[in-house]
Number of protein chains: 2
Amino acid sequence: MDITLIGAGKLGKQLFCALTAQSHFKLVEWVDRSNKQHQTAEGISIVNDLSSLKATQIYILAVSDQAIESLSHVLPKDALVIHTAGGVSIDAIQQERKGVFYPIQSFSENRVIEFSKVPIGIETKKPEDQPLLQLLAESLGAQSILLDSKQREQLHLAAVLVNNFTNHLFTEAANLCEKNNLPFELLMPLIQETVQKLQTHSPKAAQTGPAIRNDIKTINKHLQLIDKPHLKEIYKVVTSAIQKNYEQ
Amino acid sequence: MDITLIGAGKLGKQLFCALTAQSHFKLVEWVDRSNKQHQTAEGISIVNDLSSLKATQIYILAVSDQAIESLSHVLPKDALVIHTAGGVSIDAIQQERKGVFYPIQSFSENRVIEFSKVPIGIETKKPEDQPLLQLLAESLGAQSILLDSKQREQLHLAAVLVNNFTNHLFTEAANLCEKNNLPFELLMPLIQETVQKLQTHSPKAAQTGPAIRNDIKTINKHLQLIDKPHLKEIYKVVTSAIQKNYEQ
């Protein structure tokens, strides 16, 4: 089955590599507007101009959220068009055969992610397209899970909490270390243990710290130590949320 | 050199195990008020009553923050007394020879932590006691770092961010999963990648997500999806803090 991959951002690049490494689907063209080559090292055609795209059975849109709808308008009406965004409705796609193929993972420049470590949330408008997307996930070496739109948007929100927000806390901690001439690496065993503990404890059961102990003395001391108004706000609302969670 | 260990909480228990497994220091007595035995399997005396403690050269207080000061009053005036708290001043101890031995790690019931994965922050009032605490850390298999009071309190604050606050975000994400009949395990590869990425990217460089993209549509959608007022507050202040951090 022929596939066209549209997009060459962080996810697009990794999908490209994973698609060329499997044989169930044939990647025919790759839309990479920043690439001036005509062909990749693997012999896949690189296309800059959407109007000259060959017809394929499946189009994967690995593009920004806002680009999904307008791109789908220029693709063949009878193709299966799928996007990869956690937070965008399946109906942003105009084709009747449409789907979502959402990798529950964070992709970065210069980091290769094995798809065996990427659960993929799948949704299709037509039930008969579901096995196709399941096979696509499997071909990449990934596990798939069926997610309806509501589940997907909630999972996307949860992903923002555990990835983007957690990373912001790491950023603030790294700032505190830097300001006090301490290597951030000092915190790595603690960060790793925070995550490893999830294998044996639910996060709710694993909660520790001044907030859950209601240790007002430490909480006030920490608030005094914080210079940045935004970090002070975070400290206050997270502390209060932890206390609220364990009130009953 | 003789040691007395006071406290049998999460840290106390693990210090007990690590102290009995080394031979540079001799653990003489263990104060465990909840233990009715007279002796551990390793032959260490268990003491309930502080007034009957034998004199030793070092006393380790692995007790709650509030108990440190009052306990130090009942210990020999000429001993080296050390506490293990990240957020308590060295001067909570009354002895002239005093120190802090702060394991930068989170200890839980039913999880054995190898001390080789626990950096220990060391502070002493008398410079000549410093090598003693360094040797103590080394004997446990831990790396030590000298931290003055200011560095230690800032590091303790940073530890609250990366451990307690991060764990709270995991708790909220687990809640969202549960409410939507999704296994929390779906998020584990993403959580692991968030941490593993720190090996190659600073957290500031690794930041992604709707906040840093200034993706108002997704941010507003997420705010609508959140029922819990406390989580909504967290979403708002962390999003705003991320935006502030990358404004320049």
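So, a few notes on the structure that sits alongside this text.

Points about the interface of chain B and chain A
The interface is formed by 91 residues belonging to chain B together with 91 residues belonging to chain A. Taken together, both faces of the contact between chain B and chain A bury some 8500 Å²; the carbon and sulfur share is 66%. When the buried surface of chain B facing chain A is broken down by residue, R111, V162 and F165 of chain B rank first, second and third, together holding 8% of it. Applying the counting rule to chain B against chain A returns four salt bridges. Counting every contact that joins chain B to chain A gives 42 residue pairs in polar contact (both at pLDDT 80 or more). Per element, the largest residue contribution to the side of chain B that touches chain A is 26 residues, and it comes from helix α4 (residues 149-179) of chain B. Looking at the side of chain B that touches chain A, its residues break down into 44 nonpolar, 30 polar and 17 charged.

What to know about the environment of S34 of chain B
Residues and elements named next belong to chain B. Secondary-structure assignment places S34 in the loop between β2 (26-31) and β3 (45-47). Accessibility expressed as a relative area gives 66% for S34, which makes it exposed. In the structure, S34 is positioned 129 residues away from N163 in sequence and 28 Å away in space, judged by C-alpha atoms. Of the polar contacts made by the side chain of S34, one reaches the side chain of D32; its length is 2.9 Å.

Notes on the pattern of salt bridges
Per the counting criterion, the structure on display carries 22 salt bridges over all chains. Note that E96 of chain A and K126 of chain A form a salt bridge whose closest N and O atoms lie 3.9 Å from each other. Within this pair, whereas E96 of chain A is found in the loop between β5 (80-83) and β6 (98-103), its partner K126 of chain A is found in the loop between β7 (120-124) and α3 (130-139), the two being separated by 30 residues in sequence. Residue classification places K126 of chain A among the partly exposed residues on the basis of a relative accessible area of 27%. A salt bridge links E193 of chain B to R111 of chain A, with the shortest nitrogen-to-oxygen separation between them at 2.7 Å.

Quick look at the packing of aromatic side chains
Residues and elements named next belong to chain A. Under the definition given, this model contains six aromatic pairs over all chains. Between F16 and W30, the ring centres sit 4.0 Å apart and the planes meet at 10°, which makes this aromatic pair stacked. Separated by 14 residues along the polypeptide, F16 in helix α1 (residues 10-20) and W30 in strand β2 (residues 26-31) bring together distant segments of the chain. The buried category is assigned to W30, whose relative accessible area is 6%. Ring centres of F107 and F115 lie 6.0 Å apart, and the angle between their planes is 35°; this geometry places the pair in the tilted category.

Here's the deal with the side chain of H201 of chain A
You can see H201 of chain A is positioned in the loop between α5 (188-196) and α6 (203-206). Residue class for H201 of chain A comes out buried when judged on its relative accessible area of 17%. At 2.8 Å, the side chain of H201 of chain A forms a polar contact with the side chain of T200 of chain A. If near-sequence neighbours (up to four positions away) are discounted, H201 of chain A is found in contact with A206 of chain A together with S108, E109 and R111 of chain B.

Focus: the pairing of strand β4 (residues 58-61) of chain B
All names here are of chain B. Burial of β4 is two-sided: the residues I58 and I60 facing one way and the residues Y59 and L61 facing the other way are all buried. Here strand β1 (residues 2-6) pairs with β4 via four bridges, running parallel. Residue pairing for β4: I3 is matched across the bridge by I58. Here β4 runs beside strand β5 (residues 80-83); their pairing, made up of four bridges, is parallel. Residue pairing in the sheet places I60 in a bridge with I82 of β5. Handedness of the crossover joining β4 and β5 through helix α2 (residues 67-73): right-handed.

Rules behind the numbers
- Residues numbered from 1 in each chain as written.
- Chains lettered and ligands numbered in written order.
- Predicted model: local features only at pLDDT ≥ 70, side-chain atom pairs only at ≥ 80, totals over all residues.
- Heavy atoms only, no water.
- Contact = heavy atoms within 4.5 Å.
- Buried area = accessible area lost by both parts, 1.4 Å probe.
- Salt bridge = Lys/Arg side-chain N within 4 Å of Asp/Glu carboxyl O.
- Polar contact = N/O pair within 3.5 Å; in protein donor to acceptor, adjacent residues only side chain to side chain.
- Helix = DSSP H or I, 4+ residues; strand = E, 2+ residues; numbered from the N terminus.
- Nonpolar A, V, L, I, M, F, W, Y, C, P; charged D, E, K, R; others polar.
- Buried < 20%, exposed > 50% of the residue type's maximum accessible area, 1.4 Å probe, protein only.
- Phe/Tyr/Trp six-rings, centres within 6.5 Å; stacked < 30°, edge-to-face > 60°.
- Pairing = 2+ DSSP bridges.
- Right-handed = clockwise from strand over helix to strand, strands pointing away.

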